[in-house]
Amino acid sequence: MWSEFTEQKRTASFLHQSLQYNRLSHAYLFAGPKGAGKKKMALHFAKAIFCVRQDGDSCGTCKSCRLIEEGNHLDIHRIAVEKNVISIEDVQTLQKKLSYRAAESSHKVYIMEESEKMSREAANSLLKFLEEPPRGVVAILLTSQIHSLLPTILSRCQIVQFQAPSPEQIASQLEAVGMKAGLARTAAAITNDFEQAHALCETESFAQLRSLMIQLSEDIWERGTYALVTLHDKLLKQEKTVERIDLFLDLLLLWFRDILLCLLGQESQVMNIDQVEPLQKQALRISQRRLATGMKIILETKNRLAHYANLQLSLEDMVLRLQEG
Ligand SMILES: [Zn+2]
C-alpha cells in the first residue's frame, strides 16, 4: 500500500495519483540518495500498474502482485549493473524484449537501477527509445547521481525526487543486509548516509572503537583518574585509534545522547540499541545537566582538534572536565 511509504510520503502520493487519474508517463527517473528506497518504490509502482485492483494501489496478494514480488512477472524487465557498467548490449537486449507484445497485460515496465552507469553508447541508444516509446511501455530509471546522466535523458523523463533517508531507515536497510542492529543504528546516526554507514559497519575497527568508547565512558563515571590510564593505553598508544579520533568523539557524543534518552525513559529511541543495560546503568549516576555540559565539552574538544590542538592534552582535558561535570 502506498500508505506504507511513510518516509517518502510526497513521492508516494504523487505516483499514486498519477495512476488514479490516469496520468501515467512513459518514463520516470527516480532520483535521490542511496538507501532512500527507490527500488522498493519502483517495484510498488509496477505492482500498482498491473494489480487487479486498478485503483492506483496494489493489493500485494493477486497473481500479478505475487509474480512481481517473486521477480517472475513476464512484463517487467529489470536491468542491473554488471561489472560496474550498463552496456549498449544490455539496452539492445531490453529493446528487443520490449518489442514483443505484452504477455500478461497491456503494459510493459522496465526498471533500470543505477542508470548513471550506462555507457555513452547505451545512453544514446536508450535515448532514441525514450523519444519514441512503444505503446504501453513504462520506463523507471533509478539514480543516486542525477548529474551524471545526459541532459537529453533527463528532459525525456518525469523526474521524481526522493528525500534523503532518515537514520532509522538507513539502519533498517543495513540490518536487512545482515549488519548487527546496534552497529547499524550507531553508524547510521553518525553518517546519515547509507554507503558510508555500510562501509563503517563492515570495518572491524568500528566495533572495536565503539567498545573502547563505552569502556572510557564507564571509567569516566566510575573509576576516577583510572580513566586517564584507559585513555593512554587503549586509545593514544594505538595508531589505528588515533587516526579515527574524530569518529571516536562522534561515538562518545552519540553515547551521551543515548544516556540522556534513558534518563528520559525513551530507551526505544537509543541508537546503541544493543547496549541498553550499560546505558541505563550509567544513566543512574549522571544528571541531565551534567550530560548536557558533557556534550558541550565533547563538541569543544572536536572543535579544538579540528584546529590542530595537541591531541593528548585536549583529550586529557576533556576527560577531567567530564569528571568534574
Ligand atoms: Zn494485486
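Given the structure is predicted, the values throughout are model-derived calculations rather than measurements. (Residues numbered from 1 in each chain as written. Predicted model: local features only at pLDDT ≥ 70, side-chain atom pairs only at ≥ 80, totals over all residues. Heavy atoms only, no water.)

1. Some words on the packing of aromatic side chains
Okay, so step 1: Within this structure, the stated rule accounts for 7 aromatic pairs.
Okay, so step 2: Ring centres of Trp-2 and Phe-5 lie 5.9 Å apart, and the angle between their planes is 45°; this geometry places the pair in the tilted category.
Okay, so step 3: Of the residues examined, Trp-2 reaches a relative accessible area of 5% and is grouped as buried.
Okay, so step 4: Residues Trp-2 and Phe-45 carry aromatic rings whose centres are separated by 6.3 Å and whose planes lie at 55° to one another, so their mutual orientation is tilted. Here Phe-45 lies in helix H2 (residues 38-50) and Trp-2 lies in the segment before helix H1 (9-20), a separation of 43 residues in the sequence. No difference in accessibility class separates Trp-2 from Phe-45, as the two residues are buried.
Okay, so step 5: Above the plane of the ring of Phe-5 lies Lys-40, whose end atom (NZ or CZ) is 5.2 Å from the centre.
Okay, so step 6: In this structure, Arg-223 packs its charged tip against the face of Tyr-226, placed 4.0 Å from the ring centre. (Phe/Tyr/Trp six-rings, centres within 6.5 Å; stacked < 30°, edge-to-face > 60°. Buried < 20%, exposed > 50% of the residue type's maximum accessible area, 1.4 Å probe, protein only. Helix = DSSP H or I, 4+ residues; strand = E, 2+ residues; numbered from the N terminus. Lys NZ or Arg CZ within 6 Å of the ring centre and 35° of its normal.)

2. Examining the confidence of the model for the chain
Okay, so step 1: On average, residues of the chain carry a pLDDT of 92, and 99% of them reach 70 or more.
Okay, so step 2: Of all secondary-structure elements in the chain, the lowest mean pLDDT belongs to helix H12 (residues 239-243), at 80, while strand S1 (residues 27-31) reaches the highest, 97. (pLDDT = per-residue confidence, 0-100.)

3. Observations regarding the sheet that holds S1
Two orientations exist for strands paired in a sheet by backbone hydrogen bonds: parallel and antiparallel.
Okay, so step 1: With parallel pairing, the 5 strands of this open sheet are ordered in space as S2-S3-S4-S1-S5. Of all the strands in the sheet, just strand S2 (76-79) and strand S5 (158-161) have a single pairing partner and so form its edges. This sheet shows a mean twist of 15° between the axes of neighbouring strands, independent of strand direction.
Okay, so step 2: For strand S3 (residues 108-112) and strand S4 (residues 137-143), the ladder comprises 5 bridges, and the chain directions are parallel. Its bridge partner lying in S4, Lys-108 is registered against Val-137. (Pairing = 2+ DSSP bridges. Axes fitted to C-alpha atoms, helices over the stretch in contact; angles between N-to-C directions.)

4. With respect to the nonpolar core
Okay, so step 1: Grouped together as the largest cluster of nonpolar side chains are 49 residues, with contacts concentrated most on Leu-174, Phe-248, Phe-256, Ile-259, Leu-315 and Met-318.
Okay, so step 2: Residues contacting Leu-174, with those up to four places away along its chain left out, are Met-179, Ala-184, Phe-194, Ala-197, His-198 and Cys-201.
Okay, so step 3: Core analysis: the next-biggest nonpolar cluster, separate from the first, contains 26 residues, Ile-86, Ala-123, Val-137 and Leu-149 among them. (Core = buried A, V, L, I, M, F, W, Y, C linked by side-chain atoms within 4.5 Å. Contact = heavy atoms within 4.5 Å.)

5. Brief notes about the coordination of the zinc ion
Okay, so step 1: Every protein donor of the zinc ion is listed here as Cys-51 (SG), Cys-59 (SG), Cys-62 (SG) and Cys-65 (SG), and their distances to the metal cover 2.3 Å.
Okay, so step 2: Here the zinc ion binds 4 donor atoms, and the angle range of 103 to 118° at the metal identifies the geometry as tetrahedral.
Okay, so step 3: Look at where the donors of the zinc ion fall in the sequence and you get C-x7-C-x2-C-x2-C. (Donors = N, O, S within 2.8 Å, 3.2 Å for Na, K, Ca; no water. Tetrahedral: all angles 85-135°; square planar, octahedral: opposite > 155°, others 65-115°.)

6. A few points about the pairing of S3
Look at any regular strand and the pattern is simple: side chains alternate between the two faces of the sheet.
Okay, so step 1: Burial within S3 is extensive, with 5 of its 5 residues counted as buried.
Okay, so step 2: Going residue by residue along S3, you find Lys-108, Tyr-110 and Met-112 tucked away on one face and Val-109 and Ile-111 tucked away on the opposite face as well.
Okay, so step 3: As for the winding sense of the linkage, the β-α-β connection from S3 through helix H5 (residues 120-131) to S4 is right-handed. (Right-handed = clockwise from strand over helix to strand, strands pointing away.)

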